[in-house]
Amino acid sequence: MRPLALFGGTFDPIHNAHLRVAWEASELLDADVRLLPASVPPHRDQPRASAEQRAALVRAALAGQQRLVLDARELQREGPSYTIDTLAEVRAEIGAERPLVLLVGADAFAGFADWHRWRELFDFAHIGVLTRPGHEGGTLPTELRTKIASRRCADAASLRESPAGRVLPIAVTPLEISASQVRALLAAGRDPRWLVPDALFADSRLLAPYRQR
C-alpha cells in the first residue's frame, strides 16, 4: 500500500529547501506528502506571519504539481500544535493499515525525546529522518537511541510491511537555506530570489508580512 508522509514546520516562510527535501522524500518513499504548517509550535518562537498568511504561502508554493499538498489542520486547531494529535487524526482518517511516515529533520530528531508524548508517536507512524547523504545525523540521547534500536530499517520498502513503528534515514540534498535568512533579506528590503519559489513573488501580499514597514 502506498505510504502517506507528513512534513511539518512553521514554514515562516516556506522556501526551496523545504520543498526540495519533501519532494525527494516523496520520490524515495513513493509516497504522497502533506505539508502541515504549525499554528503554535511548542518548541520554538512563534511565527512572524499569521496562520492564514502562511497557508497562502504554502498553497502558492505548491501550485502546478500534485506530489506535495497542503494540509492546514494544525492551523485550524487551537492550542499548541502537538504532533501526536495530528498523527492520531490522520491515522483515524486513513485507517489502520496504510503506512504513515512522519518526516523529521536530523537535527529535530536529535531532540525527539523532548516532544510531547514522543514514545507514542511510533504507535501511529514510521519516522523518516531527513539526513545529508552519507550521514546518519547527530548523536542521539541514550533514551531515544534505546527506543529506536530495534526499529531501524535500511530501505523504504521496509516501511510498506507495517503501518507504523520503524525508523528510516532518508538522504536528501542539503540546501543551506533558512527561513530566518529569508526573513532577514526581506526585512532589509532585498528579494530572496532563488531561495523561495518564484510563485511567492507573483502576489505582493504573500511576502508582505516579512518586509520592513
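Just so you know, these numbers come straight off a predicted model, no measurement behind them.

Engineer: I keep staring at the packing of aromatic side chains and nothing clicks. Help me out?
Structural biologist: Summed over all chains, the structure comprises 6 aromatic pairs. Taking the centre distance of 5.0 Å and the plane angle of 45° together, the rings of Phe109 and Phe112 count as tilted. The burial state of Phe109 is the same as that of Phe112; both residues are buried. Consider the rings of Phe112 and Phe122, whose centres lie 5.8 Å apart with planes at 70°: the pair is edge-to-face. Of this pair, Phe112 sits in the loop between α4 (106-110) and α5 (118-124) while Phe122 sits in helix α5; the two residues are 10 residues apart in sequence, bridging distant segments of the chain. Like Phe122, Phe112 is buried.

Engineer: How should the pattern of salt bridges be read in this particular structure?
Structural biologist: Tallied over the full model, the rule gives 17 salt bridges. Of the charged contacts in the structure, one is a salt bridge between Arg183 and Asp12, with a shortest N-O distance of 3.8 Å. Note that Arg183 is positioned in helix α7 (residues 179-187) and Asp12 in the loop between β1 (4-9) and α1 (16-29), a separation of 171 residues in sequence. One salt bridge connects Arg132 with Glu176, and the closest N-O pair in it is separated by 2.5 Å. Taken as a pair, Arg132 in the loop between β5 (126-131) and α6 (142-148) and Glu176 in the loop between β6 (167-171) and α7 lie far apart in primary sequence, 44 residues in all.

Engineer: Quick question: what am I supposed to make of helix α2 (residues 51-61) here?
Structural biologist: Along an α-helix, residues three or four apart share an orientation, since each turn contains 3.6 residues. Taken residue by residue, α2 has Ala51, Arg54, Ala55, Leu57, Val58, Ala60 and Ala61 as its buried positions. Buried residues along α2 sit in contact with α1, β2 (32-37) and β3 (68-70).

Engineer: How do you make sense of α1 when you look at a structure like this?
Structural biologist: Between the first and last C-alpha of α1 there are 20 Å, a value that for 14 residues agrees with the 20 Å anticipated at 1.5 Å per step. Once α1 finishes, Asp30 follows within two positions and takes phi at roughly 50°, a positive value.

Engineer: How do you make sense of unusual backbone geometry when you look at a structure like this?
Structural biologist: Peptide bonds are mostly trans, and most non-glycine residues show a negative phi. A cis amide bond links Asp12 to the next residue, Pro13, at an omega of 0°. By the secondary structure assignment, Pro13 is in the loop between β1 and α1. With phi around 50°, Arg117 is a residue other than glycine that occupies positive phi space. The topology assignment puts Arg117 in the loop between α4 and α5. Unusually for a residue other than glycine, Trp194 sits at a positive phi of about 75°. Structurally, Trp194 can be placed in the segment after α7. When its relative accessible area of 66% is taken as the criterion, Trp194 is described as exposed.

Engineer: I'm lost on the environment of Asp123 in this one. Help?
Structural biologist: Turning to its location among the elements, Asp123 is positioned in helix α5. Sequence spacing of Asp123 and Ser39 is 84 residues, and the spatial spacing of their C-alpha atoms is 24 Å.

Engineer: Even after reading the chapter, I still don't get the pairing of β2, so can you show me in this structure?
Structural biologist: The two faces of a sheet get side chains in turn, since along a regular strand they alternate between them. Burial within β2 is extensive, with 5 of its 6 residues counted as buried. Alignment of β1 against β2, held across 6 bridges, turns out to be parallel. Residue pairing for β2: Leu6 is matched across the bridge by Arg34. Regarding the hand of the β-α-β motif, the stretch spanning β1, α1 and β2 is right-handed. As judged from the 3 bridges shared by β2 and β3, these two strands associate in the parallel manner. In the strand pairing of β3, Arg34 is matched with Val69.

Engineer: What is the right way to look at the sheet that holds strand β4 (residues 100-105) in this model?
Structural biologist: Consider a sheet: its strands pair through backbone hydrogen bonds, and that pairing is either parallel or antiparallel. Taking strand neighbours across the sheet as the criterion, the 6 strands line up as β3-β2-β1-β4-β5-β6 in an open arrangement whose pairing is parallel. Sheet topology places β3 and β6 at the edges, where each strand pairs with a single neighbour. In this sheet, neighbouring strand axes are inclined to one another by 30° on average, regardless of whether the strands run parallel or antiparallel. In the packing of helix α3 (residues 83-94) onto the sheet, contacts are made with β1, β2 and β4, and the angle to β4 comes to roughly 155°.

Engineer: Explanation requested: the side chain of Asp12 in the structure shown.
Structural biologist: Owing to a relative accessible area of 4%, Asp12 belongs among the buried residues under this scheme. Of the polar contacts made by the side chain of Asp12, one reaches the backbone nitrogen of Arg48; its length is 2.6 Å. If sequence neighbours within four positions are ignored, Asp12 has contacts with Pro47, Arg48, Ala49, Arg54, Ala179, Arg183 and Tyr210.

Rules of the game
Residues numbered from 1 in each chain as written. Predicted model: local features only at pLDDT ≥ 70, side-chain atom pairs only at ≥ 80, totals over all residues. Heavy atoms only, no water. Phe/Tyr/Trp six-rings, centres within 6.5 Å; stacked < 30°, edge-to-face > 60°. Buried < 20%, exposed > 50% of the residue type's maximum accessible area, 1.4 Å probe, protein only. Helix = DSSP H or I, 4+ residues; strand = E, 2+ residues; numbered from the N terminus. Salt bridge = Lys/Arg side-chain N within 4 Å of Asp/Glu carboxyl O. Contact = heavy atoms within 4.5 Å. Expected span 1.5 Å × (residues − 1). Pairing = 2+ DSSP bridges. Right-handed = clockwise from strand over helix to strand, strands pointing away. Axes fitted to C-alpha atoms, helices over the stretch in contact; angles between N-to-C directions. Polar contact = N/O pair within 3.5 Å; in protein donor to acceptor, adjacent residues only side chain to side chain.

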